[in-house]
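Spelled out from the first residue to the last, the chains are:
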Amino acid sequence: MKAVILAGGKGTRLAPYTRIFPKPMLPIGDKAIVEIMIYQMRRAGISDIVLAVGHLAGLMRAFFQDGSQFGVNICYSYEDQPLGTAGPLAAIPDLDSTFMVTNGDVLTTLDMRELIAFHKENKGVATIATHHRQVRIDLGVIHTNGDHTIIGYQEKPTIDYRVSMGIYLFEPEVLAFIPKGEYLDFPDLVKLLIAAGKKVVAYPFDGYWQDLGRPDDYEQANLDFETMRSEFLPQGDD
């Protein structure tokens, strides 16, 4: 199976670190963020990886090279202009069987082998790994109708929902919905697939997951990696 890691963004929320260093190469413990993901992919049987790069692409290539030091084959797809999260897929050749796509800033204990098995079992054109989240509103929430009459009142409700983890499995037919050279994000791609009557599946995962978008998330991820290292990288996987 082939995997695409989206590693071309500027990572502006983690500035100033990302002004001179690609976000996917920021260290988590003694590893780069994407390095951990590469080892996890290798453990799942994924040997061919495409790094979709843009911002500071030369540093990415200098570090990861052809992937042989990580036990995988790595090649590169370059963005001359921002294409969103889904747009870069249109320029990547040979995605002619089931393939994985991940964001380059995710730290998780998700077992990719189980995700792949789930995708095959449910036979969707796309599977999105999802995580449970809760938001507590520390206020009384008023519900009204069209003429301002109150029809409900909730005191400090908690809202439960599932969010995308930034890890996807796709069948090649989704590429027909991605115009080459045009900007497209994954939420828009999913809407196009659903509108066309295609089956899109959510994989529920409630283990460890951290999106490394903000400085406090990045700091927490480093602390977690030190105490949970064997869960991210079982012995022999690095």
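Chains are numbered independently. Their residues run from 1 in the order of the written sequence. Confidence filtering applies because this is a predicted model: local features only for residues at pLDDT of at least 70, side-chain atom pairs given and counted only at 80 or more, and all residues used for totals across whole chains, interfaces and linings. The basis for the side-chain values is all heavy atoms of the structure; hydrogens and waters are excluded.

Q: In this structure, what is going on with helix α4 (residues 112-122)? I would like to understand it.
A: Three- or four-residue spacings in an α-helix give side chains the same orientation, since the helix completes a turn every 3.6 residues. Under the scheme applied here, a residue whose accessible area is under 20% of the maximum for its type counts as buried, over 50% as exposed, and between as partly exposed, the area being computed with a 1.4 Å probe on protein chains only. The helix count covers DSSP runs of H or I at least four residues long, the strand count covers runs of E at least two residues long, and both are numbered beginning at the N terminus. Along α4, the positions that sit buried rather than exposed are Met 112, Leu 115, Ile 116, Phe 118 and His 119. Looking down the long axis of α4, one finds its buried residues gathered within 160° of arc, a one-sided arrangement. In α4, those exposed residues whose orientation departs by more than 90 degrees from the buried face are Lys 120 and Glu 121. One side-chain oxygen at the N-terminal end of α4 lies 2.9 Å from the backbone nitrogen of Arg 113; it belongs to Asp 111. Relevant arc is that of directions from the helix axis to the C-beta atoms, nothing else. Definition of a polar contact: a pair of N or O atoms within 3.5 Å, with one able to donate and the other able to accept a hydrogen when the atoms are protein atoms, and with sequence-neighbouring residues admitted only if both atoms are side-chain atoms.

Q: It is not clear to me how the nonpolar core should be interpreted in this structure. Could you clarify?
A: It is characteristic of soluble globular proteins that their nonpolar side chains tend to be buried jointly. By nonpolar core we mean a set of buried residues, namely Ala, Val, Leu, Ile, Met, Phe, Trp, Tyr and Cys, connected to one another through side-chain atoms within 4.5 Å. One finds Ile 49, Leu 51 and Phe 64 to be the most contacted residues of the largest nonpolar core, which totals 50 residues. The element best represented in this core is helix α2 (residues 33-43), accounting for seven residues. We call two residues in contact whenever any of their non-hydrogen atoms come within 4.5 Å of each other. Residues within four places of Ile 49 in sequence aside, it is in contact with Ala 3, Ile 5, Ile 38, Met 41, Val 72, Asn 73, Ile 74 and Cys 75. Ranked by size, the runner-up nonpolar core spans 22 residues in total, among them Val 125, Ala 126, Ile 128 and Phe 170.

Q: Explain the pattern of salt bridges to me, please; I cannot follow it from the model alone.
A: Side chains carrying opposite charge are able to pair once their charged atoms draw close together. Salt bridge, as used here, is a side-chain nitrogen of Lys or Arg placed within 4 Å of a carboxyl oxygen of Asp or Glu. Counted according to the given criterion, the structure contains six salt bridges. Taking the shortest distance from any N to any O, the salt bridge between Asp 30 and Arg 229 comes out at 2.9 Å. Here Arg 229 lies in helix α6 (residues 215-232) and Asp 30 lies in the loop between β2 (27-28) and β3 (31-32), a separation of 199 residues in the sequence. Residue classification places Arg 229 among the partly exposed positions, given a relative accessible area of 28%. Of the charged contacts in the structure, one is a salt bridge between Arg 162 and Asp 206, with a shortest N-O distance of 3.1 Å. Taken as a pair, Arg 162 in strand β11 (residues 158-170) and Asp 206 in the loop between β12 (200-205) and β13 (209-211) lie far apart in primary sequence, 44 residues in all.

Q: Would you mind going over a nonpolar patch on the surface with me for this structure?
A: Each patch is built from residues lacking any salt bridge and having more than 30% relative accessible area; the joining distance is 9 Å for like charges and 5 Å for nonpolar side chains (Val, Leu, Ile, Met, Phe, Trp, Tyr). Surface exposure here means Shrake-Rupley accessible area, sampled with a 1.4 Å probe, where a residue is shielded only by the protein chains that are shown. Side chains of Val 135, Ile 159 and Tyr 161 sit close together on the surface and give an oily, nonpolar patch of about 230 Å² of accessible area. With respect to the helices and strands, the residue Tyr 161 is situated in strand β11.

Q: Would you mind going over the pairing of strand β4 (residues 48-53) with me for this structure?
A: Regular strands have side chains that alternate between both faces of the sheet. With respect to burial, β4 is a largely interior element, five of its six residues being buried. We treat two strands as partners when DSSP finds at least two bridges between them. Inspection of the sheet shows strand β1 (residues 2-7) paired to β4 by six bridges, in the parallel sense. Residue Leu 6 lies in a different strand from β4, and its bridge partner there is Ala 52. By the bridge criterion, six bridges tie β4 to strand β5 (residues 73-78) in an arrangement that is parallel. Bridge pairing links Asp 48 to Asn 73 in β5.

Q: Sorry, what's going on with unusual backbone geometry here?
A: The phi torsion of most residues other than glycine is negative, and most of the peptide bonds are trans. One non-glycine residue, Gln 65, adopts positive backbone phi at about 50°. Among the secondary structure elements, Gln 65 is positioned in the loop between α3 (57-64) and β5. On the basis of relative accessibility, which here comes to 46%, the residue Gln 65 falls in the partly exposed class.

Q: Honestly, the confidence of the model for the protein in this entry has me stumped. Any pointers?
A: Low pLDDT means the predicted atomic positions in that stretch should not be read closely. Mean pLDDT over the protein works out to 90, with 93% of the residues at or above the 70 mark. The weakest mean pLDDT in the protein belongs to helix α1 (residues 17-20) at 62; the strongest belongs to β12 at 98. Scored from 0 to 100, pLDDT records how confident the predictor is in each individual residue.

Q: So what exactly am I meant to see when it comes to the packing of aromatic side chains here?
A: Centre distance and the angle of the planes are the two values used to describe a pair of aromatic rings. Aromatic rings from Phe, Tyr and Trp, taking only the six-membered ring of Trp, are treated as a pair when their centres fall within 6.5 Å; an angle between ring planes under 30 degrees marks them as stacked, one over 60 as edge-to-face, and anything in between as tilted. Enumeration according to the criterion identifies 12 aromatic pairs in this entry. The interplanar angle of 65° and the centroid separation of 4.9 Å between the aromatic rings of Phe 118 and Tyr 203 together place this pair among those described as edge-to-face. Pair noted here: Phe 118 is in helix α4 and Tyr 203 is in strand β12, with a separation of 85 residues, a long-range link. Note on accessibility: Phe 118 and Tyr 203 belong to one class, buried. In this structure an aromatic cluster arises from ring pairing among Tyr 39, Phe 63, Phe 64 and Phe 70.

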